Amino acid sequence: MGAEIILRRVELRLAHEHRAAHGTVSTRPTLLVEFRQMHDGTAVSGWGECPALPDPGYFHEYTDGAQAMLTNLLIPAVAAGGSLSPDAVDAATAIAPGHPMARSALALAAEDLTARVERSTLAQRWGAVRDRLPPGTSVSATIGTGPNSDAGLAELGKRASVLAAAGYRRLKVKVSPGHDVAPLQAVIDALQATGHANVQVAADANGSYRPTQPAHADALRRLDALGLAWIEQPFPAELLLDLARLAQQLDTPICLDESVTSLGQLRAARALGMRPVVCVKQSRLGGPRAAREVLGWCHAHNLDAYVGGMLSSGIGRAADRALAALPGATLIGDIGADVEYFGADVTAPVAVSGDTVPVIADPAVHGLGVPISASAVTKLTSERWQWTIPNGAPPAR
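Reading the values: rules and limits
Residues numbered from 1 in each chain as written. Predicted model: local features only at pLDDT ≥ 70, side-chain atom pairs only at ≥ 80, totals over all residues. Heavy atoms only, no water. Helix = DSSP H or I, 4+ residues; strand = E, 2+ residues; numbered from the N terminus. Rg over C-alpha atoms; globule rule 2.2 N^0.38 Å. Buried < 20%, exposed > 50% of the residue type's maximum accessible area, 1.4 Å probe, protein only. Contact = heavy atoms within 4.5 Å. Areas by Shrake-Rupley, 256 points an atom, 1.4 Å probe, with all protein chains shown as cover. Lys, Arg positive; Asp, Glu negative; His and termini not counted. Charge placed at Lys NZ, Arg CZ, Asp CG, Glu CD. Pairing = 2+ DSSP bridges. Axes fitted to C-alpha atoms, helices over the stretch in contact; angles between N-to-C directions. Parallel < 35°, antiparallel > 145°, perpendicular 65-115°, else oblique. Left-handed = near helix turned anticlockwise from the far one by under 90°. Nonpolar A, V, L, I, M, F, W, Y, C, P; charged D, E, K, R; others polar. Phe/Tyr/Trp six-rings, centres within 6.5 Å; stacked < 30°, edge-to-face > 60°. Core = buried A, V, L, I, M, F, W, Y, C linked by side-chain atoms within 4.5 Å. Salt bridge = Lys/Arg side-chain N within 4 Å of Asp/Glu carboxyl O. Expected span 1.5 Å × (residues − 1).

Focus: the overall build of the protein
Phase 1: Across its full length, the protein holds 13 helices and 13 strands.
Phase 2: What you see for the protein is a C-alpha radius of gyration of 21 Å, in line with the 21 Å of a compact globule of 397 residues.
Phase 3: In terms of its C-alpha atoms, the protein occupies a principal-axis envelope of roughly 65 × 40 × 40 Å.
Phase 4: Split into buried and exposed, the 397 residues of the protein put 58% on the buried side.
Phase 5: In the protein, the share of contacts with a sequence separation of at least 24, taken over all contacts with a separation of at least 6, comes to 72%.
Phase 6: Of the accessible surface of the protein, which amounts to about 15100 Å², a share of 50% is contributed by carbon and sulfur atoms.
Phase 7: Side chains of the protein carry 34 positive and 38 negative charges; the gap between the two charge centres is 2 Å.

Here's the deal with the sheet that holds strand β11 (residues 305-307)
Phase 1: As summarised here, the arrangement of the 7 strands in space is β5-β6-β7-β8-β9-β10-β11, forming an open sheet in which the pairing is parallel. Strands with a single pairing partner mark the edges of an open sheet, and in this sheet they are β5 (136-139) and β11.
Phase 2: Pairing between strand β7 (residues 200-204) and strand β8 (residues 231-232): 2 bridges, direction parallel. Looking at β8, one finds that Ala 203 is bridged to Ile 231.

Thoughts on the packing of helix α1 (residues 63-81) against helix α3 (residues 100-117)
Phase 1: It is the contact of α1 with α3, at a shortest axis distance of 10 Å, that shows an interaxial angle of 45°. Viewed along their axes, α1 and α3 adopt a mutual orientation that is oblique. Viewed along their axes, α1 and α3 form a crossing whose handedness is right-handed. Here Ala 66, Met 69, Leu 70, Leu 74, Ile 75 and Val 78 of α1 come into contact with α3, specifically with Ala 102, Arg 103 and Leu 106.
Phase 2: Partitioning the contact of α1 with α3 into residue classes produces 8 nonpolar, no polar and 1 charged.

Comments concerning the packing of aromatic side chains
Phase 1: All told, the structure shown has 1 aromatic pair when counted by the stated rule.
Phase 2: Between Trp 230 and Tyr 306 the ring centres are 5.1 Å apart and the planes differ by 25°, which places this aromatic pair in the stacked class. On the criterion of sequence distance, the pair formed by Trp 230 in the loop between α7 (214-224) and β8 and Tyr 306 in strand β11 is long-range, its members being 76 residues apart.
Phase 3: By relative accessible area, Trp 230 is classed as buried at 2%.

A look at the nonpolar core
Phase 1: Counting 117 residues, the largest nonpolar core has Ile 5, Phe 35, Leu 70, Leu 106, Leu 184, Leu 228 and Leu 368 as the members making the most contacts within it.
Phase 2: Looking at this core element by element, the count peaks at 10 residues for α3.
Phase 3: Among residues more than four places away in sequence, those in contact with Leu 368 are Trp 47, Leu 108, Asp 112, Arg 116, Leu 122, Ile 315, Ala 318 and Ala 319.
Phase 4: In terms of nonpolar packing, the next biggest core, distinct from the first, is built from 6 residues, Ala 202, Cys 255, Val 277 and Cys 279 among them.

Examining the pattern of salt bridges
Phase 1: Tallied over the entire structure, the rule returns 22 salt bridges.
Phase 2: For the salt bridge of Glu 340 with Arg 159, the shortest nitrogen-to-oxygen distance reads 3.0 Å. Residue Glu 340 is located in the loop between α12 (314-324) and β12 (357-358), and its partner Arg 159 is located in helix α5 (residues 150-165); the two are separated by 181 residues in the primary sequence.
Phase 3: When the shortest N-O distance is used, the salt bridge between Asp 355 and Arg 169 registers 3.9 Å. Of this pair, Asp 355 sits in the loop between α12 and β12 while Arg 169 sits in the loop between α5 and β6 (170-174); the two residues are 186 residues apart in sequence, bridging distant segments of the chain.
Phase 4: The network of salt bridges with common partners includes Arg 170, Lys 172, Lys 174, Asp 204, Glu 232 and Asp 334.

A short note on the packing of α1 against helix α2 (residues 86-93)
Phase 1: One way to put it is that α1 packs onto α2 with a least axis distance of 9 Å and a crossing angle of 135°. Looking at the two axes, α1 sits oblique to α2. Crossing of α1 over α2 shows right-handed handedness. The segment α1 lies against α2, with Leu 74, Ala 77 and Val 78 engaging Val 89, Ala 92 and Thr 93.
Phase 2: Here the residues of the contact of α1 with α2 are counted per class, giving 5 nonpolar, 1 polar and no charged.

Topic: the side chain of Gln 282
Phase 1: Its location among the elements puts Gln 282 in helix α10 (residues 282-285).
Phase 2: Ignoring sequence-local partners within four residues, the contact set of Gln 282 consists of Ser 104, Leu 108, Gly 287, Pro 288, Ala 291, Asp 320 and Leu 323.

A few points about α5
An α-helical turn contains 3.6 residues, so any two residues separated by three or four positions project in the same direction.
Phase 1: Taking 1.5 Å per residue as the helical rise, α5 with its 16 residues ought to reach 22 Å, and the 23 Å between its terminal C-alpha atoms agrees with that figure.
Phase 2: Of all the residues in α5, the buried ones are Gly 152, Leu 153, Leu 156, Gly 157, Arg 159, Ala 160, Ser 161, Leu 163 and Ala 164.
Phase 3: Gly 167 sits one or two positions beyond α5 and adopts a positive phi of about 115°.

Topic: the pairing of β5
Phase 1: Burial along β5 is two-sided: Gly 136 and Ser 138 facing one way and Thr 137 and Val 139 facing the other are all buried.
Phase 2: With 4 bridges connecting them, β5 and β6 associate as parallel partners. Among the inter-strand pairings, Gly 136 is bridged to a residue of β6, identified as Arg 170.

Rendered as C-alpha cells:
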C-alpha cells in the first residue's frame, strides 16, 4: 500500500455566533488534511487543518481559495516529492510562500504523522513545559436590535459571567468603531458584579480603526482608560509605524495579531520601538514550526505572547494547546472548552476542569493527543479528494 493524502472539506456550525469587525460567522467550512501511511504493518494517520475563513475579510486566504491551492498545487507537489516528512513537506510547499494557511495544514499533518510514528505527542516533541492551561476565549454582543442595544449588552455581560464562573481567566471582547466602550464596560461591570473582577479583559479590534480618523483616536483613548489587559490590532496589519506611534501614546499594551505574518514582521515592529503583546497563530505563519520559532524569539526577547485561535476544529485546537504549553506562550491564549466552539466536531470533546484545560486530552493518543472520530469526520464531510504516492513514503521522521 502506498502512502495517501486525503483532503476533506468539513462543514461546522458554531455553538455561538462569532461577530468581529471583519464580519459575522455562524457556520463555517474548514479543510482537513490526512496523511496516511503504513508503519510496522499498521496504517498510521497524521492530521492537519487549514482554518481559512469563508471570506477574505480577516486574511487574504479564504476557504475556496485555499481549497484550490491545496488541490491544484500544494498537495500534488507533496505527492510528487514522495515523502511525508516535515522537512520534505516544507520543501515541497515552499513554491507558494503567499499561502501560509494552506501550507500550515500540510505542515501540521506531517508533524502529527511523525509524532504518531515515534509514539510521542506533539507537546512532547515541541518541548511543552505545562500539562494544563488556563482557559481564555473571545466574546461579542450578538443579539438585540443592534450590538449596542440594551438586550445585546445584557446578554454579553451574562455570557461573560457564565464563562468566568466556568473557570475562564481571560475574555477578549470584539470591538469596532462605534461598538467599543459599551460592550467592554458591560463585560467589566458584569465580572465585577459577580465576583470575577480578577478575570482579564482585552479588546480585539481586528484592524478596524484608522490613524487618520480623529474620532477613532478619541475612541482608543477612551479604551485606554478602562484598564484593559491589551488592545489588539487597532490598526490594519500593514500600518506598523502607526501602531508603534500609538503604542507610545497609550498606557494599555498594544497586541499585534494580523501584523504577525512572519518573524521578520515582528522584528520590524521591535525595530520601530514596539514591545507588543504578540498573538501567535500557527496557521497564519505557515505551520507549527514557524509558530515555535516566533514563540522562541519572543521568549528570548522578553516579549509576552499567547497562542490565538482561528475558529478551528478540534484538530487545529489540539495543536494550539501544544503550542500554548511552550515557554514562550506567557499569556492566556484562545484555549477553551470544545463545547464553546461547535455543536458537532471531529474530535472527542475537551472540557474545562479545575479552571484549566488539559494540553493532552487523552494520554493514550499520540500526535495531537486527542481522539479523532472517524464517524464524525464522515458525517461532516461535504467534499473529499485523494492522492496516492505509489511507491510509498518512507517513515516520517
